[in-house]
Amino acid sequence: MSRLGFQKSVRLFHKFSEETARRRGGAPSARDGIAHLAALTAVLKAERSFTPDLLEPLAAFTNLLQSGQLPPEFGDYSFGDALLAIEESQAERRQKDPQHWEFEGELTNEAAAEITRFALSARPSSSEHRQQLSRFVLSSASQVEPGSLLVVGALAEPSLPWSALCERFARVTLSDVDLPRLEELVREHVPEPLRARVQLERYDLTGCAATFQRAVKSRVEEAPSAAHAEQALVELLQSYDVTSGSAGLSAASEKPDLAVSAMVLSRVGEGFRACVMESLASKGFGATSSLEAELELLSVWLVQHHVHALVRRAKAALLVSAVSEVELQRGPNGQKSAVGEPKDLLGVERLVERLPELAEPRAEQSWELESDVLGKEKRTLLTLVEAMFI
């Protein structure tokens, strides 16, 4: 990925947008778009920080780049590529600053006990989801060497075809932060004759859950008011300076033949948000929109680092994620209609937009998952799931 290449794309489109606005007159939306492009140009020059308000314009711009509607000289950079370019510019801007964060995937006993909240629980499933997931996973697994398999964030998707995977691979590592729950998963889903092939690894795929939780607790406890607490937490979130190259998948140095991340991406920031909200609530404080926006930006970085680690630290990777969701309402005639607009769960419309240039998709598939909405009669949640073999 070339930072200069993406910078050129932003500059070209900025110039094009200004010329178009001069010819046609500047509508407010056009002026906003030009201002966002100017801000992105400054970010890529390392002249200013990347802020949450630029996420949506960045996603819209990279979506346009990949749509094929622009001349070839604009490039076809993805949202993932753009984030890598921005990360490089941010690192340049902070090069004289001390390092605030480290990626620490391996956990001590004490740290692991503190962050069990960050282990994802299974979401409602369906027979169709399980069948589609199983077919795609086993088809992908058949195309790699049957040596080693790593399932990252294994607790998020118990519908994986565990028995068949353990039959296929000589060594299977299941990774998450809660070992007792991993042990329970093995007892429930892996036949006893195959359990000798399974190894459990306590690993934090975000690399910073324990550090984050301790820092949040300390800052909120010391804050004399809600405003001071918010300021302290915003400063903490804005100090995040881990780079994608630091992100890991496992404590083992050897690359697995296949790494699987299933139904993790869209939820990777859940534990961080819950940690902040619970700490604030313990003192009677609440969260403002600015703090929510900074938490969203942190999730964007965590997702991108996890994707980058999958691509760089495994011989092949399989990525399955919820991409968008919308509530459906059942009418008197039994027909279902959408309630509001679909919500993008990864900041983009398609999973492929989160892949960096160095990823080479070999196969992809999508399907829909429908589940009941708790506490809402006649409401269901329709989730678009996408799977990609890289």
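Counting from 1, residues in each chain are numbered in the order their sequence is written. For this predicted model, a pLDDT threshold of at least 70 governs which residues receive local features, and a threshold of 80 or more governs which side-chain atom pairs are given and counted, while totals over whole chains, interfaces and linings are taken from all residues. Values reported for side chains reflect all heavy atoms of the structure, with hydrogen atoms and water molecules removed beforehand.

S.K.: Please explain the pairing of strand β3 (residues 198–202) as it appears in this structure.
M.R.: Successive residues of a regular strand alternate their side chains across the two faces of the sheet. Think of it this way: DSSP has to see at least two bridges between two strands before they count as a pair. Put simply, DSSP marks the helices as runs of H or I at least four residues long and the strands as runs of E at least two long, and each gets a number from the N terminus on. As paired elements, strand β2 (residues 171–176) and β3 share five bridges and run parallel to each other. Opposite V172, over in β3, you have V198 as the bridge partner. By definition, the crossover connecting two strands over a helix is right-handed if that path, from the first strand to the second, turns clockwise as seen with the strands pointing away from the viewer. Crossover connection from β2 via helix α8 (residues 179–189) to parallel β3: handedness right-handed.

S.K.: Looking at this structure, how should I read the nonpolar core?
M.R.: When a protein is soluble and globular, its nonpolar side chains tend to lie buried together. Core analysis: the biggest nonpolar cluster contains 123 residues, and F6, F50, L58, L174, F212, L258 and V320 have the highest contact counts within it. Residues are treated as being in contact if the distance between any of their heavy atoms lies within 4.5 Å. Setting aside residues no more than four positions away along its own chain, V320 makes contact with L133, S261, A262, M263, V264, W367, V385, E386 and A387. We define the nonpolar core as a collection of buried residues of types Ala, Val, Leu, Ile, Met, Phe, Trp, Tyr and Cys that are connected through side-chain atoms lying within 4.5 Å of one another. Think of it in three bands: with a 1.4 Å probe and only protein chains considered, a residue is buried below 20% of the maximum accessible area for its type, exposed above 50%, and partly exposed in between.

S.K.: Is there a simple way to explain the packing of aromatic side chains in this structure?
M.R.: Any pair of aromatic rings gets described here by the distance separating the centres and the angle formed by the planes. Working definition: a ring pair exists when centres of Phe, Tyr or Trp rings (six-membered ring for Trp) sit within 6.5 Å. Plane angles under 30 degrees give stacked, over 60 give edge-to-face, the rest tilted. One pass over the full model with this rule turns up 10 aromatic pairs. With centroids separated by 5.8 Å and ring planes inclined at 35°, the aromatic side chains of F13 and F16 adopt a geometry described as tilted. Residue F13 and its partner F16 are both found in helix α1 (residues 3–24); the two are separated by three residues, about one turn of the helix. A residue is classified by how much of its surface remains accessible, and F13, at 15% relative accessible area, is buried. The class for F16 is partly exposed, based on a relative accessible area of 41%. Ring centres of F50 and W301 lie 6.3 Å apart, and the angle between their planes is 70°; on these two criteria the pair is classed as edge-to-face. With F50 in the loop between α2 (28–44) and α3 (55–65) and W301 in helix α12 (residues 289–312), the pair connects residues that are 251 residues apart, well separated along the chain. By relative accessible area, which is 6% here, F50 ends up buried. An aromatic cluster is defined as three or more aromatic residues linked by ring pairs; in this entry it consists of F6, F13, F16, F61, F74 and Y77.

S.K.: Any chance you could explain the packing of helix α9 (residues 209–222) against helix α11 (residues 270–281) here in plain terms?
M.R.: When two helices pack together, you describe them by how their axes are tilted relative to each other and by the distance separating the axes. Here α9 crosses α11 at 20°, and the two axes come no closer than 10 Å. On the basis of the axis angle, α9 is roughly parallel to α11. Considering only the axes of α9 and α11, their crossing is right-handed. Between α9 and α11, the contacting residues are A209, F212, Q213, V216, K217 and V220 on the first element and F272, C275, V276, S279 and L280 on the second. Axis definition: a line fitted to C-alpha atoms, limited for helices to the stretch in contact. Angles are taken between N-to-C directions and run from 0 to 180 degrees. Relative orientations are named as follows: roughly parallel for angles under 35 degrees, roughly antiparallel for angles over 145 degrees, roughly perpendicular for angles from 65 to 115 degrees, and oblique for any other angle. For any helix crossing, the convention is left-handed if the near helix is rotated counterclockwise from the far helix by under a right angle, and right-handed if that rotation is clockwise.

S.K.: Can you help me understand the side chain of H129 in this one?
M.R.: Mapped onto the secondary structure, H129 falls in helix α6 (residues 127–141). Within the structure, the side chain of H129 is placed 2.9 Å from the side chain of W367, a separation counted as a polar contact. Setting aside chain neighbours within four positions, we find H129 in contact with E157, M263, W367, L369 and V385. Here a polar contact means two N or O atoms within 3.5 Å. Within protein one must be a hydrogen donor candidate and the other an acceptor candidate, and residues neighboring in sequence count only if both atoms are side-chain atoms.

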